[in-house]
Amino acid sequence: MTSDPADPYIFTSDSLPSDPRFMPPLTNGLLGWRVFDPVMHMGGVYNGEGGTCHRGNIPCPLAVQMKMAEVGRHTYKLDMHTGVFSHSVVTPRFEAAQVLYAHRQQTNLLVMEVLLKRSETSTEPITIQLESSFKPQSDDIVFQSAPDYKGGRHIFGQTVSSEVPGGIRPFVHLIWTPITSTLTLSPDQSQSSWVFLVAVAGSDESVRLCYETGLGLIDTGDLRPSHLRSWAELWKGSSIEVEGAESLNRALIGCMFYLLSSFPSLREEANGPVEFGGVSPGGLSNGSKEEDYHGHVFWDQDTWMYPSVALFYPRLARAALEYRAGTIEGARANAQQVGYKGLKFAWESAVTGRDVCPEDIYAEQELHINGDVVLAFQQYFYLTQDLKMFREGRGNEVVWGVADYWVSRVTWDPTEQQYHIKGVIPPDEYYFTVDNSVFTNAVAQRSLQFAVELSGLLGHTPPPAWQDVADKIKIPFDPELKYHPEFDGYTQGSGVKQADVVLLGYPLAMSMTPEVRRNDLEAYEAVTDPLGPAMTWGMFALGWLELGDAERAQKLLQKCFKNIQKPFQVWSESADGSGCVNFLTGMGGFLQAVLFGYTGFRVQKEHLVFAPLLPQEVDALRVKGVSYLGNEMDWLIKSVEVSVSVRKPAEEESGSQEPSALQVVLNTGTTIPLIPGQSVTFPRQPGQIRKVNSGSYCWPV
């Protein structure tokens, strides 16, 4: 059995996966750990210079498994409601349960709880073994012992080398509850429990405070309850579920769970700035040397993972943007190093923003990352109209710095009377040193247009070159075949690695006729590598949904299921199980196919577009917590009708953005006001969510 038929958020099994790579990750935006693994990671802690930079391996004291002499029934369970993994054993004499979680609120803590409970007939002592693979050492961090603190062991160390010469080498401090090799329930006890803490921080003072906080929560009985409340808050703020398609529903829940696990706590961010190290393709639980892209941050964060999270959580979206803003100096150095102006965001980024890609050609040529970053900033602004992020959060520096880079990077072709971008790698990484990648040029055009728009909002005079390049940059198009060649010289029918040209329709929203959109989809679907990365088929599915072909879309979406590894919904990069594991990129693409495909949501300058369409196997889609202009909306989409309600603002949110009054404007011309606390229902058809033109909305300052 690999799931709970009564609860789609609970995944159970009587055995662990044969491949340990598919053990469930437990992460909380700061700490990441694969269950039972002797290694964990901490956001922002890397070791190695340049291309050897990788997540620093930190030994995990909770690398412990229960063992016992008695034969019993074993159950392994991942509860996605709560972010808790458990191993339980039932024997004729007793029940034993081991519970593990990365604390969602106190993100510096990992926790293990063990419970022993005897059966009524047993009167003898009951002992279980705790078999540990923990060793307090690492190849990446030179640890030394410190005095015990409040009963906890304490070690600390510094990474061996810095990301850039002369750069910072972070310290890591661990304090943990010593774990004995056995636990015993005495004859006079019917049950007993033990709690083991691991605190991880960057300084002696911080780790002591975190460990003390954990001890205090144990004393008040609030250690696990506070963790559960934080997960309950996350799920209250966002959920996406379907009725009528159980496997699809579980896949969506799993994707959302692992994505949310990779972002920081809502409450921490509400109380002040948070050091967030970005999201890498394999998340925080992976990224050791030669593993899962070293834990670096790619376009995967901005293009694949970010949109689904941003649609629900402006705070978490802001954390991803702040990570990019924090690497501005590195991006400026990257541009200067190759003789260009402005900002060149790293293809593979760690802490400094300098490119740490092991292969120079990708760092030099995969330039679309710049436009991908700006697209994330633009989407955030259209969802929130939060200019403070741009005035004070350095968002303007990001957008304008990228615009300056594009202007310095293009070359003018006097024959075509167009600007070219030469010598690039497109998203389709089967091709190198090509000219005028259609996606690269299109995303550059969009980022230049947003730079001009943002200038107007902030009273900045943009250089004329920004608009000039945006107007005249080449967007390859074949007028005879009526499709977009992937780059200059591309021959239709040549194989491609992954989604590339199909991204012009979504997320770039490039204007094109339905005929051209269809031609692009058909041309590239036929030649895309079947073992390519998991997010690809979601983008083809989304394109067919745009064109009204829900059943063709669903067949493509089904291909993604091959990448889901049982029993804990851990994704692999490729369908054969190879590549990066806990592949958040693939999960993000899959989520977007449903979240933006079935709903037709498109985040545009002055409205949120919707155009719902469900495949036959889906009876209904529920999307809860969509955040737009300070409001939270719940949607219920059925085959013939749509219901939308705006939540009443909670009292504790009184200091947040003042919500705008919203209305539904259907394409038929019908206008329906959205009153907080009330639901409206209308026939399924396209339309927009718009701000009511009442003048009640004030721009954030």
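Residues numbered from 1 in each chain as written. Predicted model: local features only at pLDDT ≥ 70, side-chain atom pairs only at ≥ 80, totals over all residues. Heavy atoms only, no water.

## A word on the environment of Pro 307
Then step 1. Tracing the backbone through its elements, the reader meets Pro 307 in helix H5 (residues 299–310).
Then step 2. In this structure, the C-alpha to C-alpha distance between Pro 307 and Pro 92, residues 215 residues apart in sequence, is 50 Å.
Then step 3. Among residues more than four places away in sequence, those in contact with Pro 307 are Asp 302, Gln 379, Tyr 506, Gln 592 and Phe 596. (Helix = DSSP H or I, 4+ residues; strand = E, 2+ residues; numbered from the N terminus. Contact = heavy atoms within 4.5 Å.)

## Considerations on the layout of surface pockets
Then step 1. Here the second largest pocket is characterised by a volume of approximately 860 Å³.
Then step 2. Gly 43, Gly 44, Glu 275, Phe 276 and Val 351 are the residues nearest the centre of the second largest pocket, which is lined by 33 residues in total.
Then step 3. Here the lining of the second largest pocket gets three residues from one element, more than from any other, and that element is helix H6 (residues 314–325).
Then step 4. Across the lining of the second largest pocket, the residue classes tally to 15 nonpolar, 14 polar and four charged. (1 Å grid on protein atoms, 1.4 Å probe; cavity = no way out; pocket = protein on both sides within 12 Å on 5 of 7 lines; lining within 4 Å. Points joined across faces, edges and corners; volume = space filled by probe spheres on them. Nonpolar A, V, L, I, M, F, W, Y, C, P; charged D, E, K, R; others polar.)

## Some remarks on the sheet that holds strand E3 (residues 31–34)
Paired through backbone hydrogen bonds, the strands of a sheet run either parallel or antiparallel to each other.
Then step 1. With antiparallel pairing, the four strands of this open sheet are ordered in space as E2-E3-E4-E7. Where the open sheet ends on each side, the last strands, each with one partner, are strand E2 (25–27) and strand E7 (58–59).
Then step 2. Bridge analysis of E2 against E3 gives three bridges, and the strand direction is antiparallel. From the neighbouring strand, Leu 26 faces E3, where its bridge partner is Trp 33. (Pairing = 2+ DSSP bridges.)

## Side note on the pattern of salt bridges
Then step 1. For the structure on display, the rule yields 25 salt bridges.
Then step 2. A salt bridge links Glu 113 to Arg 224; the shortest N-O distance between them is 2.6 Å. One end of the pair, Glu 113, is in strand E12 (residues 109–118); the other, Arg 224, is in helix H2 (residues 223–237), with 111 residues separating them in the sequence.
Then step 3. Residue Arg 224 is classed as partly exposed on the basis of its relative accessible area of 30%.
Then step 4. The partner of Asp 468 in a salt bridge is Lys 472, and the shortest N-O contact between them spans 2.9 Å. Linking Asp 468 with Lys 472, this pair stays in helix H13 (residues 464–472), spanning four residues, or about one helical turn.
Then step 5. Several salt bridges converge on common partners, so that one network encompasses Glu 70, Arg 93 and Glu 124. (Salt bridge = Lys/Arg side-chain N within 4 Å of Asp/Glu carboxyl O. Buried < 20%, exposed > 50% of the residue type's maximum accessible area, 1.4 Å probe, protein only.)

## Details of the environment of Leu 547
Then step 1. By secondary structure assignment, the location of Leu 547 is in the loop between helix H15 (535–546) and helix H16 (550–559).
Then step 2. For the pair formed by Leu 547 and Arg 518, sequence separation is 29 residues and the distance between their alpha carbons is 7.5 Å.
Then step 3. In contact with Leu 547, other than residues within four places in its own chain, are Pro 514, Arg 517, Arg 518 and Leu 521.

## Some thoughts on the nonpolar core
Then step 1. Membership of the largest hydrophobic core comes to 206 residues, with the highest contact counts inside it found for Leu 248, Phe 590, Tyr 598, Met 633, Trp 635 and Ile 689.
Then step 2. The residues that make up this core include at least three from each of domain 1 (10–237) and domain 2 (620–691).
Then step 3. Formed by 15 residues, the second largest nonpolar core is a distinct cluster that contains Val 111, Ile 175, Ala 201 and Val 207. (Core = buried A, V, L, I, M, F, W, Y, C linked by side-chain atoms within 4.5 Å. Domains from an automatic or database assignment.)

## Considering the packing of helix H11 (residues 395–409) against helix H12 (residues 438–458)
In a pair of packed helices, the angle between the axes and the distance between the axes together describe the arrangement.
Then step 1. The contact between H11 and H12 brings their axes to 9 Å, and the two run at 130°. Relative to H12, H11 is oriented oblique. Two packed elements cross with a definite hand, and for H11 against H12 that hand is left-handed. On H12, the residues that touch Asn 396, Val 399, Trp 400, Val 402, Ala 403, Trp 406 and Val 407 of H11 are Thr 440, Ala 444, Ser 447, Leu 448, Phe 450, Ala 451, Leu 454, Ser 455 and Leu 458.
Then step 2. Taken together, the residues that form the contact of H11 with H12 break down as 12 nonpolar, four polar and no charged. (Axes fitted to C-alpha atoms, helices over the stretch in contact; angles between N-to-C directions. Parallel < 35°, antiparallel > 145°, perpendicular 65-115°, else oblique. Left-handed = near helix turned anticlockwise from the far one by under 90°.)

## Some words on the sheet that holds strand E25 (residues 607–610)
Then step 1. Here we have five strands laid out as an open sheet, ordered E24-E25-E32-E29-E30, and antiparallel in their pairing. Edge positions in the open sheet fall to strand E24 (602–603) and strand E30 (671–674), since each of these has one partner strand only.
Then step 2. Across four bridges, E25 lies against strand E32 (residues 687–691) in antiparallel orientation. Note that in E32 the partner of Phe 610 across the bridge is Gly 687.

## Observations concerning the confidence of the model for the protein
Then step 1. For the protein, mean pLDDT is 94; residues scoring 70 or higher make up 96% of the total.
Then step 2. Low confidence marks residues 694–701, where pLDDT is under 50. Its contacts with residues over four positions away, or in another chain, come to 17 contacts. (pLDDT = per-residue confidence, 0-100.)

## A closer look at the domain arrangement of the protein
Size of an interface, as often reported, equals the accessible area lost when the parts are brought together.
Then step 1. Under the domain assignment used here, the protein contains domain 1 (10–237) and domain 2 (620–691).
Then step 2. Of note, the centres of domain 1 and domain 2, computed from C-alpha atoms alone, are 41 Å apart.

## Describing the UniProt feature "domain: Glycoside hydrolase family 65 central catalytic" (unreviewed entry) in the protein
Then step 1. The feature "domain: Glycoside hydrolase family 65 central catalytic" (unreviewed entry), as given by UniProt, occupies residues 287–492 in the numbering adopted here.
Then step 2. Each end of residues 287–492 is marked by a C-alpha atom, and these two atoms are 37 Å apart; helix forms 51% of the span and strand 3%. (UniProt positions renumbered as here; feature names shortened; annotations may be inferred.)

## Concerning the environment of Arg 153
Then step 1. Relative to the assigned elements, Arg 153 resides in strand E15 (residues 152–159).
Then step 2. Looking at Arg 153, the relative accessible area reads 37%, which means it is partly exposed.
Then step 3. Spatially, the C-alpha atoms of Arg 153 and Lys 555 are 54 Å apart, while their sequence positions differ by 402 residues.
Then step 4. For Arg 153, the contacting residues outside a window of four places in its chain are Asp 148, Leu 174, Ile 175, Trp 176 and Pro 178.
Then step 5. Within polar-contact distance, the side chain of Arg 153 engages the side chain of Asp 148 at 2.9 Å. (Polar contact = N/O pair within 3.5 Å; in protein donor to acceptor, adjacent residues only side chain to side chain.)

## Here we look at the packing of aromatic side chains
Then step 1. By the definition in use, this model includes 35 aromatic pairs.
Then step 2. With a centroid separation of 6.1 Å and 50° between ring planes, the pair formed by Phe 381 and Tyr 382 is classed as tilted. Assigned by exposure class, Phe 381 and Tyr 382 land together as buried.
Then step 3. Pairing Phe 390 with Phe 450 gives two aromatic rings, centres 6.1 Å apart and planes at 75°, and the pair type is edge-to-face. Here the residue Phe 390 occupies a position in helix H10 (residues 388–391), and Phe 450 occupies one in helix H12, the gap between them amounting to 60 residues. The residues Phe 390 and Phe 450 share a single accessibility class, namely buried.
Then step 4. An aromatic cluster is built from Tyr 293, Phe 298, Trp 299, Trp 304, Trp 347 and Phe 439, whose rings are joined through pairwise contacts.
Then step 5. The positively charged end of Arg 104 is found above the aromatic ring belonging to Trp 231, 5.5 Å away from the centroid.
Then step 6. Across the ring face of Trp 537, the terminal group of Lys 559 is positioned such that the distance to the ring centre comes to 3.9 Å. (Phe/Tyr/Trp six-rings, centres within 6.5 Å; stacked < 30°, edge-to-face > 60°. Lys NZ or Arg CZ within 6 Å of the ring centre and 35° of its normal.)

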